[in-house]
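A closer look at the structure
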Amino acid sequence: MAEGRAAPTVGQMVLGLRLRDLREAAGCTFTDAAHALSVNTTTVRRMEKAEVGLKPPYVEKLLKTYGVPAGDIADFLDLVNEANRPGWWHRFRDVLPPWFSLYVSLEGEAGLIRAYEPHCVPGLLQTPDYARALLRAGFPNAPEKELDRRVALRMERQELLRRPDAPRLWAVLEEQVLRRHVGDASVMREQIDHLVDATATPNVTLQVLPYSAGPHPGMFGPFQLFRFDIPELPDIVYTESLTGATYHDERADTAAYLEALDRMGAQAAPAHRTATILADLRKEF
């Protein structure tokens, strides 16, 4: 998945894949589809990959070309209009780069989120004061109002863990995450208490990878793997750099990250010991 335009919604991604499946089922080539729209084949390919917006007139023409019944076309177009509506995070676009908009969309639709974090507490589990201290370090020249917006975005993302259909979050944290001072001692105490509370919820699993575990497959940096209850969507892995991000959805790539997570999980402390580990570490603050 490439960076560039405003990030697609998960709905647009799913509909793009459905268009691909319908085209293939109809025995149409990219050239056939492009001819129906009077565009080049690149445009059709990008529609199926959600790299361009789904324009209802184009979608309708394609569906007719693929022999889709009129009633199904109307239903599909309703889904297109719904998928094209901006997500709730659109109102934070002043502090949300396009390359991270897709992350928020994936996060909100995932049934399982697995993460490896060697540097800081995952965003979905941060307290407001911990998040502000991190963001102040990451955006040292940002005014307080901007930091307020960034903290508010992070806190609103966390609402998904309280939904009736909340995803399962399973994170492996390096021990150093819990020892790194972010803010003052009171911020760290509150953050560790918050993690203890999180471990008591059925949809959150935390494991701590101690220094004594030694080297492991994830030492190149943090990443997240999203798995969906939507049949069309494959696993997607997110990796981040200082100025952007990469999304991996090829099976060979995601399988490698999944294997790394499994190996790190085996090296980390069992999840049932996490609350005890956190309570011991809290005494240091």
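Check the entry above for the structure.
A brief look at the structure comes next.

What counts and how
Residues numbered from 1 in each chain as written. Predicted model: local features only at pLDDT ≥ 70, side-chain atom pairs only at ≥ 80, totals over all residues. Heavy atoms only, no water. Helix = DSSP H or I, 4+ residues; strand = E, 2+ residues; numbered from the N terminus. Buried < 20%, exposed > 50% of the residue type's maximum accessible area, 1.4 Å probe, protein only. Polar contact = N/O pair within 3.5 Å; in protein donor to acceptor, adjacent residues only side chain to side chain. Contact = heavy atoms within 4.5 Å. Phe/Tyr/Trp six-rings, centres within 6.5 Å; stacked < 30°, edge-to-face > 60°. Lys NZ or Arg CZ within 6 Å of the ring centre and 35° of its normal. Salt bridge = Lys/Arg side-chain N within 4 Å of Asp/Glu carboxyl O. Pairing = 2+ DSSP bridges. Axes fitted to C-alpha atoms, helices over the stretch in contact; angles between N-to-C directions. Parallel < 35°, antiparallel > 145°, perpendicular 65-115°, else oblique. Left-handed = near helix turned anticlockwise from the far one by under 90°. Nonpolar A, V, L, I, M, F, W, Y, C, P; charged D, E, K, R; others polar. 1 Å grid on protein atoms, 1.4 Å probe; cavity = no way out; pocket = protein on both sides within 12 Å on 5 of 7 lines; lining within 4 Å. Points joined across faces, edges and corners; volume = space filled by probe spheres on them.

Turning our eyes to something else, we now look at the side chain of Asp235. Relative to the assigned elements, Asp235 resides in the loop between strand E4 (223–228) and strand E5 (236–240). Judged by its relative accessible area of 16%, Asp235 falls in the buried class. There is a polar contact of 2.6 Å between the side chain of Asp235 and the side chain of Arg227. Excluding anything up to four places from it in sequence, Asp235 contacts Leu225, Phe226, Arg227, His248, Asp249 and Thr254.

It is worth spelling out the packing of aromatic side chains at this point. By the definition in use, this model includes twelve aromatic pairs. Seen in terms of ring centroids, Phe100 and Tyr238 are 6.1 Å apart; in terms of plane orientation they differ by 70°. Their pairing is edge-to-face. Of this pair, Phe100 sits in helix H6 (residues 98–109) while Tyr238 sits in strand E5; the two residues are 138 residues apart in sequence, bridging distant segments of the chain. Neither Phe100 nor Tyr238 differs from the other in exposure class; each is buried. By way of ring pairs, the aromatic residues Trp99, Phe100, Tyr103, Phe226, Tyr238 and Tyr247 are connected into one cluster. Lying across the ring of Tyr58, Lys55 places its NZ or CZ 5.5 Å from the centre. Sitting over the face of the ring of Phe139, Arg150 holds its NZ or CZ atom 3.8 Å from the ring centroid.

Counting across every chain of the model gives 22 salt bridges. For Arg91, the salt bridge goes to Glu156, with nearest N and O atoms at 2.3 Å. Here Glu156 lies in helix H8 (residues 144–157) and Arg91 lies in the loop between helix H5 (70–83) and H6, a separation of 65 residues in the sequence. The partly exposed category is assigned to Arg91, whose relative accessible area is 46%. Residue classification places Glu156 among the partly exposed positions, given a relative accessible area of 25%. Between Arg132 and Asp148 there is a salt bridge, with the nearest N and O atoms lying 2.4 Å from each other. Here Asp148 lies in helix H8 and Arg132 lies in helix H7 (residues 128–138), a separation of 16 residues in the sequence.

Pairing is mixed in the open sheet, where six strands are placed in the order E3-E2-E1-E4-E5-E6. With partners counted over all chains shown, the strands left at the sheet margins are strand E3 (204–209) and strand E6 (245–248), one partner each. Going across the sheet, the axis of each strand differs from the next one's by a mean of 15°, ignoring polarity. Both E4 and E5 contribute to a ladder of four bridges, which runs antiparallel. In the sheet register, Leu225 faces E5, and the bridge partner there is Val237.

Our focus in this paragraph is the packing of helix H2 (residues 30–37) against helix H4 (residues 56–65). Two quantities define a packed helix pair, namely the angle between the axes and the distance from one axis to the other. Taken N-terminus to C-terminus, the directions of H2 and H4 make an angle of 125°; their axes are 9 Å apart at the nearest point. In this view, H2 runs oblique relative to H4, as classed from their interaxial angle. Relative to H4, H2 is oriented so that their crossing is right-handed. Of the residues in H4, those touching H2 at Ala33, Ala36 and Leu37 are Tyr58, Lys61, Leu62 and Thr65. Among the residues forming the contact of H2 with H4, the class breakdown is five nonpolar, one polar and one charged.

Let us now look at the layout of surface pockets. Over the atoms rolls a probe the size of a water molecule, and in doing so it shows where empty space is left. Put simply, the largest pocket is a space of about 1100 Å³. Those elements that place two or more of their residues in the lining of the largest pocket are H6, strand E1 (110–117), H7, H8, E4 and E5.

Extensive coverage of E3 is indicated by the burial of six of its six residues. Burial along E3 is two-sided: Val204, Leu206 and Val208 facing one way and Thr205, Gln207 and Leu209 facing the other are all buried. Both strand E2 (residues 168–174) and E3 contribute to a ladder of six bridges, which runs parallel. Directly across from Val172, in E3, lies its bridge partner Gln207.

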